[in-house]
Structure formats: structure tokens, C-alpha cells
Amino acid sequence: MSYTRVFILENPKGFARAMKIFEADTKPVLDKLTKEKTIDRWSLTQIGDNTAMIVFEFTNKSKMNKALKTTSAHRDEVAAEETGMQWWAYHGPVKASG
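Note that the coordinates shown come from a computational prediction; the quantities given were computed from them, not determined experimentally.

1. Section: the confidence of the model for the protein
So, point 1. Across the protein, pLDDT averages 81, with 76% of residues at or above 70.
So, point 2. When pLDDT is averaged over each element of the protein, strand β2 (residues 41-46) comes out on top at 93 and strand β4 (residues 86-94) at the bottom at 63.

See below:
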């Protein structure tokens, strides 16, 4: 059973500023986890002037937990200090139907 985790990010300083920080600091971490096959895939979508959504897909819960441990320290240091960003996370298993 695969797992999906969705982060909703709100940045009061604007999406463009957050993207500069994301490209420089966060994207390399996510690319590394994808290359190691910890993350199956991820995508970032702008959903408003100051809001974005990142969707992560994992093969199983243990890979999800490994990725979260790796990214949480980075996220707390970089995102909160440099952008004033707030985030919400939703997660759970994805079951096939039909």
C-alpha cells in the first residue's frame, strides 16, 4: 500500500521568495531522497499568491518516516527562519479501488 503526504505551505512574504529558497536549499534534499528511492515522487504546485502545495508519494510507511526525519530538521531551520512560512500536513494510505 502506498502512502501520500500533502503539505500546504503559506508564506506571507510571497511565493517567488519562497521558491528561491526552495530551489537553493530544499530541492536538492528532495532530489537526493528521490534518487535513493525513499520518495517515489513529489510535486510542488502554486495554489495562490502566497500558498503552495507539495505532494509526496512513498512506497510504504517506513520510507515516509525516513523521509520525514531527514526533511524535518532542514525544514525547521531553513523554511521558518528565512520565510516566516507556516505549513499544514495531511497524510494517509492510498488504497486501490475497483
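There's more to say after this.
2. Considerations on the nonpolar core
So, point 1. In this structure, Phe7, Ile39, Ile54, Phe56 and Phe58 are the most contacted members of the largest nonpolar core, which totals 16 residues.
So, point 2. Sorting the residues of this core by element identifies β1 (2-10), α1 (15-35), β3 (51-58) and α2 (61-83) as the ones contributing at least two each.
So, point 3. At five residues, the largest contribution of residues to this core is made by α1.
So, point 4. Discounting residues that sit within four places of it in the chain, Phe58 has contacts with Ser2, Tyr3, Arg5, Thr38, Ile39, Asp40, Lys63, Met64 and Ala67.

3. Digging into the pairing of β3
So, point 1. Counting buried positions along β3 yields six of eight residues, so the element is predominantly enclosed.
So, point 2. Relative to β3, β1 runs antiparallel, the two sharing eight bridges. Its bridge partner lying in β3, Phe7 is registered against Ile54.
So, point 3. Linking β2 back to β3 in an antiparallel pair, the connection comprises four residues.

4. A look at the packing of aromatic side chains
So, point 1. Inspection of the entire model under this criterion finds three aromatic pairs.
So, point 2. Geometrically, the ring pair formed by Phe22 and Trp42 is edge-to-face, given 5.7 Å between the ring centres and 65° between the ring planes. Here the residue Phe22 occupies a position in helix α1, and Trp42 occupies one in strand β2, the gap between them amounting to 20 residues.
So, point 3. The exposure class of Phe22 is buried, given its relative accessible area of 9%.

About the criteria used
Residues numbered from 1 in each chain as written. Predicted model: local features only at pLDDT ≥ 70, side-chain atom pairs only at ≥ 80, totals over all residues. Heavy atoms only, no water. pLDDT = per-residue confidence, 0-100. Helix = DSSP H or I, 4+ residues; strand = E, 2+ residues; numbered from the N terminus. Core = buried A, V, L, I, M, F, W, Y, C linked by side-chain atoms within 4.5 Å. Buried < 20%, exposed > 50% of the residue type's maximum accessible area, 1.4 Å probe, protein only. Contact = heavy atoms within 4.5 Å. Pairing = 2+ DSSP bridges. Phe/Tyr/Trp six-rings, centres within 6.5 Å; stacked < 30°, edge-to-face > 60°.

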